[in-house]
Every structure is written in C-alpha cells, then in structure tokens.
Amino acid sequence: MTTPDYSTTRSLTREKPACFDSLTVGLPTWLKTPDSEHKIDEGGLRLQGLYKSSSEDYPLITIVTVVYNGVAFLEDTIKSIIEQTYENVEYVIVDGGSNDGSVDIIKKYEYAIDYWVSEKDNGISDAFNKAIKLSTGVYINFQGDGDGFCCRNSLKDVFFDLNTEQVMFVSARIQRITGNGEIIYNSKFISSFKKRYLLFKMSMPHQGLFTHREYFSKYGLFALDNKFCMDYEHLLRSYKYFPKVVTVNVVAAYWRSDGIGNGKTLEVLQEYDKIKRKNRVASPVLLYIIHYWSLFKFIVKKGLTLGK
C-alpha cells in the first residue's frame, strides 16, 4: 500500500478522510465528481480506497492539472509531479473530454494519480473549480499541461524547513520556456512581497504559487467569466486585506509559453484592467494610468521586435 517509487504513493492509507462523508463549512470536498451524462471516464488511487492525510512533518500538497487535448506535453507534466522527492503529494487531473490521446496517457499513470476524471466542462475556470473541490491538501498548486516542476527536488526545496503557520501563500520562482523547452527567463526573487506589485501584473504565477485551502474557503472559487487571468482576479479579491506571503528563492516550476494567452497580450491587458476595476484595487485615475502605461510598453516592445 506504500511504495517509495512516487511522491503520490509514499503516504497512502486505507483510512477514508472524514471530509468526504460530512458536510463541511466553507469549501466542499468531493471524493469524485458527481455522476452525469457528461462524465466519460474516471479513475485513480482514491477509487481503489487509497487516500492521503496531512502530517506535521509533511503537510499534504495537492497538485492540480487541468487539460484538454494536451497530448504533446502532458506526460512530461505528469512525470515531473509524481517523481517529486517530497513525501506527501496528492495529484488530481481534470480532463475536459480530450480526444487526442491525453486520456490514454492519464490512464498509463493512474496508479500514481489520486483521482482523475474526463468530462466536458465550461472552460479552464470550471475545471479548476472541480479540482479544488476534489482536493484535500493544505496547499493547492496548479500545473497546466505543458507546465511542471523543474527538478525532482522542487517541492522539497520549497517547503524545506518552512514554517507555514498562518501563511496563506507560498510563492516560488518560475522559469518561462518556449514550446521547444528553451529557457526565456527565470523570474526574479522578491524577498518581501508587496501587494502593490499586483497592480501592474500577475506577479505570483500559479505554477510557482501554493495557495492555502482556507483562501478558497474565504474568497471562493474562480470566476467563470475570465478567459486568461482567472488566477489574477482570484488574488485581487483579497487586495484590501492581502494575506501573508512567504517567498522562496527556488526556481521550482516551468511555465510553457504556448498557453491560451500566448500571442494575445492585448486581450490579456484588457482583462487585467477589467479585473482591477471590478475589485476596486485603486482609484479609477490610477488604474487608467497603469492600463495605458502597460499598453504603451507593449506597443514599444512590439515595435522593437518587428524592427529586428
């Protein structure tokens, strides 16, 4: 029942967590997604009566992957997660009904996946929300198909000797890579995170961000009306009383540049502006200045790129 081969199979138990059988206050917890005509298939350790729990030495970390027709990089993403050296990892995959072979890859590794499901959804935010409800970890992290951890020790390095008491966010550095895996840049280390950084951009990319489940209980799930920046809007809900962030000087995860927002900078900037105004994070005048300054920088950068 316990094997050292994978991060997701080292701390298994037959003891079913009480959260699956009781109505909890705040964030609900699903053993599996509700059966419906949209469900195509499902599987994983949980359906075999094998579960996870958190411990004082190793808080349970839930890693989430949502995918739709991501066969090109999905296997690399899965392996980067299940091969972690950290002792206590829960892995949940929500597939949107892929027809390109992605489900076959998921089934190949289902012996190391806590729960996976393939069913039609209403986009990335909807899939994220399902995965959160399926999570039991203290911290939740999102790795898209094509993203993943940089090395086998990423999680161990991030949480090594880390006091997470009353810490809502743990933020590690990320590595931006091309579709071919070439490094574009490594994000800078911010020793003391200030919430004002979020006025300009998403300064805590979700690949390197570990969010305490209590944040979801307090501020809700992702909004379905954002196409590109649902994680950004989710952070800005708490802007007025922004919670504690611990930053870690570890390049933990990579973020592949061929995602849904690739090549759509103008649309992303427009969604940024909408989100900031919705959450009233600054005065309308300041938001106007920030928005058009961002547009100006984009136009200048675009012009320089075209001029090469």
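(A) Quick peek at the state of the cysteines. Going through the model one piece at a time under the given rule, you end up with 0 disulfides. Here Cys 150 stays unpaired: no disulfide links it, and the sulfur of Cys 151, its closest cysteine neighbor, is 6.8 Å away.

(B) Fine view of the environment of Leu 27. When you line up the elements, Leu 27 lands in the segment before strand E1 (39-43). For the pair formed by Leu 27 and Ser 191, sequence separation is 164 residues and the distance between their alpha carbons is 31 Å. For Leu 27, the contacting residues outside a window of four places in its chain are Ile 132, Arg 213, Phe 216, Ser 217 and Leu 221.

(C) Broad picture of the nonpolar core. Formed by 32 residues in total, the largest nonpolar core has its most connected members in Ile 63, Val 158 and Phe 210. Listed by contribution, the elements that provide at least two residues to this core are strand E2 (61-67), helix H1 (74-82), strand E3 (89-95), helix H2 (102-108), helix H4 (154-159), strand E7 (169-177) and strand E10 (245-256). Ranked by residue count, the leading element in this core is E10, at 5 residues. Not counting residues up to four positions away in its chain, the partners in contact with Val 158 are Val 170, Ala 172, Phe 210, Val 248, Val 250 and Ala 252. Judged by nonpolar contacts, the second largest core, of 26 residues, contains Phe 193, Tyr 239, Phe 242 and Leu 295.

(D) The pairing of strand E5 (residues 139-142), seen in detail. Where burial is concerned, the two faces of E5 agree: the one with Tyr 139 and Asn 141 and the one with Ile 140 and Phe 142 are both buried. In this sheet, E5 lies alongside E2 in parallel orientation, the contact comprising 4 bridges. Opposite Ile 63, over in E5, you have Asn 141 as the bridge partner. The sheet contact formed by E5 and strand E9 (residues 209-212) spans 2 bridges and is antiparallel. The residue of E9 that forms the bridge with Ile 140 is Thr 211.

(E) Just the side chain of Ser 7, in detail. With respect to the helices and strands, the residue Ser 7 is situated in the segment before E1. Judged by its relative accessible area of 0%, Ser 7 falls in the buried class. Polar contacts involving the side chain of Ser 7 include one to the main-chain carbonyl oxygen of Ile 81, which spans 3.0 Å. With residues near it in sequence (within four places) discarded, Ser 7 still touches Ile 81, Ile 82, Glu 83, Gln 84, Tyr 86, Glu 87, Asn 88 and Val 89.

(F) Fine view of the packing of aromatic side chains. A full pass over the atoms with the stated rule returns 21 aromatic pairs. Seen in terms of ring centroids, Tyr 139 and Phe 159 are 5.7 Å apart; in terms of plane orientation they differ by 55 degrees. Their pairing is tilted. Of this pair, Tyr 139 sits in strand E5 while Phe 159 sits in helix H4; the two residues are 20 residues apart in sequence, bridging distant segments of the chain. Classification of Phe 159 as buried rests on a relative accessible area of 9%. Counting every residue linked through ring pairs, the aromatic cluster contains Phe 128, Phe 142, Phe 169, Phe 193, Tyr 197, Tyr 215, Phe 216, Tyr 219, Phe 222 and Phe 242.

Analysis parameters
Residues numbered from 1 in each chain as written. Predicted model: local features only at pLDDT ≥ 70, side-chain atom pairs only at ≥ 80, totals over all residues. Heavy atoms only, no water. Disulfide = S-S within 2.5 Å. Helix = DSSP H or I, 4+ residues; strand = E, 2+ residues; numbered from the N terminus. Contact = heavy atoms within 4.5 Å. Core = buried A, V, L, I, M, F, W, Y, C linked by side-chain atoms within 4.5 Å. Buried < 20%, exposed > 50% of the residue type's maximum accessible area, 1.4 Å probe, protein only. Pairing = 2+ DSSP bridges. Polar contact = N/O pair within 3.5 Å; in protein donor to acceptor, adjacent residues only side chain to side chain. Phe/Tyr/Trp six-rings, centres within 6.5 Å; stacked < 30°, edge-to-face > 60°.

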